Amino acid sequence: MNLRLSRRAFCLSTAFLSALIFAPDFSPAAHAADAIKLGVVAPMSGPNARYGGFAMRGAELAAKQINEGGGIDGQQIEISNADSQGTPVEGVSATRRLIDQNGVDYIIGDISSSVTLAMQPVVEEAGVLLLNAASSNPKITYEAGVGGFKWTFRNYPTDENRALIVAKYAVEERGLNKFAVLSVDSDYGRSAIEFTKKYLPDLKGEIVSEDYYKEGEVDFRSVLAKIRDNGAQAIIYYGLVDTTPILGRQMMELGLAGKIPLMGNGEFNAASVIASAPQALEGAIEAAAWLPSWDSPKSKAFVEAYKAEYDEEPNNHAYVHWEAVHLLGQAVREAGENDREKVRDALAKIKYDSAMGEITFDDHNQARLPMILLEIKDGKPVIKGAYHAEIDYPEN
């Protein structure tokens, strides 16, 4: 069969094809190309999934606020998330998926320090900026910036920050200088004590006994009896939240409550923990990255917006991921374009007004930012102020 095409039909067909070829592309792929592609690596399943959920909601709220405000120079933030399951192997796989399949230029993650440490060489090889918002192991930024990994930044205080701030406050503000250690037997618990011991000599403090407990252990009476009799003025405790009430009740049994306070980190400020052993928690000293009760206009605005969006009170993970997205957004603005290297350089030089105060980065790409110091007074957490601590980095 022969087909004949009239001149008029040919012209119309040509015009139609031209319109298809040169028309603006409104497809999702074209929209994505114009977007700022941000990946979030967090535990969305497994034992830490609750924290990953808070992290994602905080990040998504920040992206929504930025996008509804016109984006960044007209570009919208597009978030992709990948489940680390809280393990290094899955965290590396999640990071590779975001880079290879989603084509992200920036990643925020992970909550777990072991996952973040495993992610660092992956983003370094790919030239993708990693902004950590919740991991506290100092090694992450010991090895970043001038320490080696140029593409890793952290906007979160380290275990070393916390240990130094708590010890300094205990010695200088409370007049305590003899300490007993009772900490969880893990990388976290032992590292926190090592950091405390690093700075105690300069503070004229000393450790009179040092004990560690295994996860799941529930009887601390023999250790507490030793502490009661060895002249310790406070117990340095970096432990599991579930263990704190058990320890507190046994301190009450052995007559330590109200005499030898706890200091360190064990969610002493949680209402349920205080209620479980109020006399033992009285006078406890703790440092936190952020609290919903922190009294600054930006913090209050975040809490209000988060509650309105999700009908729940935000926790620390929600806040730090919300703040990280806004921080990254400002770096993109200051870079002048969505270019990885320019954004990295802008972040290194940034002065960012956070809910906790001004943030800058040191030469290890570690944010200089304060921690909230609080004491338990009359059964309630009382904020004593925001305290800074400059890290003494080891020589390479």
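Residues numbered from 1 in each chain as written. Predicted model: local features only at pLDDT ≥ 70, side-chain atom pairs only at ≥ 80, totals over all residues. Heavy atoms only, no water.

Visitor: I tried to follow the sheet that holds strand β11 (residues 352–354) on my own but got confused; where do I start?
Guide: Two orientations exist for strands paired in a sheet by backbone hydrogen bonds: parallel and antiparallel. Read across the open sheet, the three strands follow the order β11-β12-β13; overall the sheet is antiparallel. Each end of this open sheet is capped by a strand with a single partner; those strands are β11 and β13 (367–368). Here β11 runs beside strand β12 (residues 357–361); their pairing, made up of three bridges, is antiparallel. Each bridged residue has a counterpart across the sheet, and for Y352 the counterpart in β12 is I359. (Pairing = 2+ DSSP bridges. Helix = DSSP H or I, 4+ residues; strand = E, 2+ residues; numbered from the N terminus.)

Visitor: When you look at empty space enclosed by the protein in this model, what are you seeing that I'm missing?
Guide: Here the idea is plain: a probe the size of a water molecule rolls over the atoms and shows the empty space left. Under the counting rule described, the total for this entry stands at two cavities of 30 Å³ or more. Volume-wise, the largest cavity comes out at about 70 Å³. Residue lining of the largest cavity: N155, Y156, P157, A289, Y319, V320, E323, M356, I359 and L369, and that is the complete set. Tallying contributions element by element places helix α14 (residues 316–335) first for the lining of the largest cavity, with three residues. Class assignment of the residues belonging to the lining of the largest cavity gives a composition of eight nonpolar, one polar and one charged. (1 Å grid on protein atoms, 1.4 Å probe; cavity = no way out; pocket = protein on both sides within 12 Å on 5 of 7 lines; lining within 4 Å. Points joined across faces, edges and corners; volume = space filled by probe spheres on them. Nonpolar A, V, L, I, M, F, W, Y, C, P; charged D, E, K, R; others polar.)

Visitor: Would you take a moment to explain the side chain of S354 for this structure?
Guide: For S354, the position within the fold is in strand β11. A polar atom in the side chain of S354 sits 3.0 Å from the backbone nitrogen of M356. Side-chain polar atoms of S354 contact the backbone oxygen of G357, separated by 2.6 Å. Apart from residues no more than four positions distant in its own chain, S354 is found in contact with K298, Y319, E323 and I359. (Polar contact = N/O pair within 3.5 Å; in protein donor to acceptor, adjacent residues only side chain to side chain. Contact = heavy atoms within 4.5 Å.)

Visitor: Even after reading the chapter, I still don't get the environment of I274, so can you show me in this structure?
Guide: By secondary structure assignment, the location of I274 is in helix α11 (residues 271–276). Residues I274 and K198, spaced 76 residues apart in sequence, show a C-alpha to C-alpha distance of 30 Å. In this structure I274 touches F268, N269, L281, I376, G379, K380 and P381, once residues within four positions along its chain are discounted.

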